[in-house]
Amino acid sequence: MDMATALRDLGVTGSELTQDEKDQLDRDGFLPLEDVLSLEEVDSFNRRMAELTAAEGAEAGLEVHQEQGADRLADLINKDPMFEVCFSHPRVLAAMRHVLGAEFRLSSLNSRAALPGQGHQSLHADFGHPVAPGAYEVCNSIWLLDDFTPENGATRVVPGSHRRGTMPADEMPDPAATHPDQIQLTAKAGTVVIFNSHLWHGGTRNHTNRPRRAMHSYFAHRHLPQQLNQQAYLRGETYDRLTPAQRFMLDVTAP
């Protein structure tokens, strides 16, 4: 198996993104893809994640990261076949290929629910240092499981900041503060927002009385360590149900 074969087998033909969509992703560093999930699918994901959050309790999210003020889950690939779409959807994979080039793999598949009154994050990038424009190493996707609104903690981004060659702390005395160029990624549930992970971004405070829920499928060049070592966590039953192309996207062999 190689990347070209895996992408072909997962339905990536080269026609998934328009030139305008590619240009927006290059220029702004993010691209909303509407209606990737139906509202019925959104409801199913939310029900399943509520079950997992209750079942895992204080251990929820521990495989990767726990966060005060947010419910986290990690290692979703092993926890239900329904999550396979998050690393197999042709439009999402086409966007990852556009940003990262020919050789990438899933780094992690997690969820984050900003709790009422909580969820604000400093502006940050998901890489330790700036890179030259076009030499991108990591790219993320946010799967919106609620409408993202200004009130409920929608992610903020600084458009074009992936091309600045700096990190937020290089320019801002306080990266937790508001940036004059920031915007919020507001969109309907079922949207997937692709964002170049070198883009400055962060969650905002949820001012509503309900959690603001999302999943994150995070991809990186194949030479980089995965955020969650997929091989180390791989369950036998998971391996058995995955296709060869999906196994390649996770970079796993039989446990």
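Structural data are supplied above this passage.
Residues numbered from 1 in each chain as written. Predicted model: local features only at pLDDT ≥ 70, side-chain atom pairs only at ≥ 80, totals over all residues. Heavy atoms only, no water.

S.K.: What exactly am I supposed to notice about the environment of Leu 93 here?
M.R.: Structurally, the position occupied by Leu 93 is in helix H4 (residues 90–100). In this structure, the C-alpha to C-alpha distance between Leu 93 and Gly 119, residues 26 residues apart in sequence, is 28 Å. With residues up to four places along the chain from it excluded, the contact list for Leu 93 reads Leu 7, Leu 10, Val 12, Phe 87, Ser 88, Phe 104, Phe 219 and Met 249. (Helix = DSSP H or I, 4+ residues; strand = E, 2+ residues; numbered from the N terminus. Contact = heavy atoms within 4.5 Å.)

S.K.: Please clarify how the nonpolar core should be interpreted in this entry.
M.R.: Inside soluble globular proteins, nonpolar side chains tend to come together where they are buried. Residues Phe 87, Phe 104, Ile 194, Phe 219 and Met 249 are the most contacted members of the largest nonpolar core, which totals 55 residues. Per element, the largest residue contribution to this core is 7 residues, and it comes from H4. Look past the residues within four positions of Phe 87 in its chain and what remains in contact with it is Ile 77, Leu 93, Leu 106, Leu 109, Phe 219, Leu 242, Gln 246, Met 249 and Leu 250. (Core = buried A, V, L, I, M, F, W, Y, C linked by side-chain atoms within 4.5 Å. Buried < 20%, exposed > 50% of the residue type's maximum accessible area, 1.4 Å probe, protein only.)

S.K.: What should I look at first to understand the sheet that holds strand S2 (residues 70–73) in this one?
M.R.: One key point about sheets: their strands pair by backbone hydrogen bonds, in either a parallel or an antiparallel sense. If you trace the 6 strands from one edge of the open sheet to the other, you get S1-S7-S4-S9-S3-S2, paired in antiparallel fashion. Unpaired on one side and paired on the other, strand S1 (30–33) and S2 mark the two borders of the sheet. Along the sheet, successive strands turn relative to each other by an average axial angle of 20°, direction set aside. Along the sheet, helix H2 (residues 19–28) contacts S1 and strand S7 (192–196); its crossing angle with S1, the most-contacted strand, is approximately 140°. (Pairing = 2+ DSSP bridges. Axes fitted to C-alpha atoms, helices over the stretch in contact; angles between N-to-C directions.)

S.K.: I would appreciate a short explanation of the sheet that holds strand S6 (residues 183–184) in the present structure.
M.R.: With antiparallel pairing, 3 strands are arranged side by side in an open sheet as S6-S5-S8. The strands lining the two open edges of the sheet, one partner per strand, are S6 and strand S8 (201–202). With 2 bridges joining them, strand S5 (residues 156–157) and S8 adopt antiparallel strand pairing. Paired with Val 157 across the two strands is His 201, which belongs to S8.

S.K.: Help me out: how do you make sense of helix H3 (residues 39–56) in this one?
M.R.: An ideal rise of 1.5 Å per residue puts 26 Å on 18 residues; H3 measures up with 26 Å between its terminal C-alpha atoms. All buried positions along H3 are accounted for by Val 42, Phe 45, Asn 46, Met 49, Leu 52 and Glu 56. End-on, the buried residues of H3 take up no more than an arc of 130°, which puts them together on one face. Of the residues in H3, the exposed ones pointing more than 90 degrees away from the buried face are Glu 40, Arg 47, Ala 54 and Ala 55. Those residues of H3 that are buried lie in contact with S2, strand S3 (104–114), strand S4 (138–144) and strand S9 (212–221). (Expected span 1.5 Å × (residues − 1). Arc of directions from axis to C-beta.)

S.K.: Looking at this model, I keep getting lost on unusual backbone geometry. Mind explaining?
M.R.: Peptide bonds are trans in most cases, and residues, glycine excluded, mostly fall at negative phi. Here Asp 75, not a glycine, exhibits a phi torsion of approximately 55°, which is positive. Assessed through its relative accessible area of 4%, Asp 75 is described here as buried. In this model, Asp 251 sits at a positive phi of 60°, which is unusual for a non-glycine residue. Within the secondary structure, Asp 251 is located in the segment after helix H8 (244–250).

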